[in-house]
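# A closer look at the structure
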Amino acid sequence: MRPRAGRRTVHGMAGTDLPLPPRLTRLTFHGPLSEERAGRLVARLARREPATVLDIGCGWGELMLRTLEAAPGAQGVGIDLNGDDLARGRRNAAGRGLAERVRFLEESAAGTPHGPADVVLCLGSGQALLDPDGSVAQDAGVSKEGGVARDRGVAQDAGPAAGGAAGAPGTLPATTAALSALRSLVSPGGRVLFGEGFWERTPVPGELAEMWPGARADDHLPLADVADAATAAGFRVEAIETASTSEWEDFESGYLADVEEWLATHPGHRLAGSTRERVDRHRASWLRGYRGVLGLAYLTLIPVA
């Protein structure tokens, strides 16, 4: 879960003037995604010359910016709840001459009025489209507060950056609910890039115990079930790609690199002990819990007419 107010840091502290580690400067993308795969995804999305791009739970919106660069006539909107990430996105856009073509909005994506769009990006952030109980926000296209932004944060000890299968009793599974919301946000003939977590295999109890707090075997679906959920929601699946072990390792290492260097150079800092505990717990949750168990799929989806 993403902190919503105050200064965000990797160790969850805010409002201090003491030197703190920089935030996620080693990451280009907030997820396991290589330059090669990103280029391939962008080329696929841009080949139809989209006019509008919507990024749900955008973070700093790197893939959206690259899509805008590849589609010179397109305008983009990125939605997120993390003001620091959005500010980074605005700086990046300005530095690449895209500031007049993109808006980064700090608001909930649940029931967002910013669709439909020719390209919709939703990369590990399907829960941002849902109400707190895991249900789809009613009346898509009408603004409604209450969405949840994703951040697999060390600060919050949250789960990985990928949507989940579980929802509140009586609600649709989160993957299914997110796909239903995305179907209403994409223009006819457009494309959705849906980045979604899935189980490579069913985790055993010992692995679940090492993952995020409260991790359950129904937090994610198998990949085949994710694809089936997409077709049931009114899409055809143009392409499926899955993050490699190398992409995961680059992401997890980059995710912690800033704070690991800070810990090495500030061992006596009054926040070092709590920070070290959080970082070590996160690394253990990856290496002992979801490494080789949790996958991330990139599905390019076409809405059925």
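Parameters at a glance
Residues numbered from 1 in each chain as written. Predicted model: local features only at pLDDT ≥ 70, side-chain atom pairs only at ≥ 80, totals over all residues. Heavy atoms only, no water. Helix = DSSP H or I, 4+ residues; strand = E, 2+ residues; numbered from the N terminus. Salt bridge = Lys/Arg side-chain N within 4 Å of Asp/Glu carboxyl O. Buried < 20%, exposed > 50% of the residue type's maximum accessible area, 1.4 Å probe, protein only. Phe/Tyr/Trp six-rings, centres within 6.5 Å; stacked < 30°, edge-to-face > 60°. Expected span 1.5 Å × (residues − 1). Bend = angle between axes of the 7 residues up to and from the residue. Contact = heavy atoms within 4.5 Å. Pairing = 2+ DSSP bridges. Right-handed = clockwise from strand over helix to strand, strands pointing away.

This part covers the environment of proline 213. Secondary-structure assignment places proline 213 in the loop between helix 5 (205-210) and strand 6 (221-222). Measuring from C-alpha to C-alpha, the distance between proline 213 and serine 285 comes to 9.7 Å, with 72 residues separating the pair along the chain.

A word on the pattern of salt bridges. Using the criterion set out here, one finds 20 salt bridges in the structure. We note a salt bridge from arginine 66 to glutamate 62, for which the minimum N-O separation is 2.6 Å. Here the residue arginine 66 and the residue glutamate 62 both occupy positions in helix 2 (residues 62-70), the gap between them amounting to four residues, near one helical turn. Residue classification places glutamate 62 among the buried residues on the basis of a relative accessible area of 9%.

In this section: the packing of aromatic side chains. Remark: the centre distance and the inter-plane angle together describe each pair of aromatic rings, the angle taken between the planes. Taken as a whole, this structure holds five aromatic pairs when the rule is applied. Aromatic pair tryptophan 212 and tyrosine 290: ring centres 6.0 Å apart, planes at 50 degrees, arrangement tilted. You can see tryptophan 212 sitting in the loop between helix 5 and strand 6 and its partner tyrosine 290 sitting in helix 8 (residues 272-290), a full 78 residues away along the chain. Pair check on accessibility: tryptophan 212 and tyrosine 290 agree, each one buried.

Further remarks concern unusual backbone geometry. With omega at 0 degrees, the peptide bond leading from glycine 115 into proline 116 counts as cis. Mapped onto the elements of the fold, proline 116 is located in the loop between strand 3 (102-106) and strand 4 (117-123). Non-glycine residue leucine 24 carries a positive phi angle of around 60 degrees. With respect to the helices, strands and loops of the structure, leucine 24 is situated in the segment before helix 1 (35-46). Even without a glycine there, the phi angle at glutamate 49 is positive, about 55 degrees. Structurally, glutamate 49 can be placed in the loop between helix 1 and strand 1 (52-56). The class of glutamate 49 is exposed, set by a relative accessible area of 68%.

Let us look at helix 7 (residues 245-265). The first and last C-alpha atoms of helix 7 sit 29 Å apart over 21 residues, in line with the 30 Å expected at 1.5 Å per residue. Approximately 45 degrees is the largest bend angle found in helix 7, and it occurs at alanine 257. Of all the residues in helix 7, the buried ones are Glu247, Trp248, Phe251, Glu252, Gly254, Tyr255, Leu256, Ala257, Asp258, Val259, Trp262 and Leu263. In this fold, the buried residues of helix 7 make contact with helix 1, strand 7 (235-242), helix 8 and strand 8 (294-303).

This next bit is on helix 1. If you check helix 1, its first and last C-alpha atoms are 16 Å apart, about what 12 residues at 1.5 Å a residue would give, namely 16 Å. Residues of helix 1 that are buried include every one of Arg37, Ala38, Leu41, Val42, Arg44, Leu45 and Ala46, and no others. Here the buried face of helix 1 lies against helix 2, strand 4, strand 5 (186-199), strand 7, helix 7 and strand 8.

Every other side chain in a regular strand lies on the same face of the sheet, so the side chains alternate between the two faces. Strand 1 sits mainly inside the fold: four of its five residues count as buried. The pairing of strand 1 with strand 2 (residues 75-80) spans five bridges and is classified as parallel. The partner of aspartate 55 across the bridge, within strand 2, is glycine 78. For the crossover from strand 1 across helix 2 to strand 2, the handedness is right-handed. Pairing of strand 1 with strand 4, which is carried by four bridges, proceeds in the parallel orientation. Note that in strand 4 the partner of aspartate 55 across the bridge is leucine 121.

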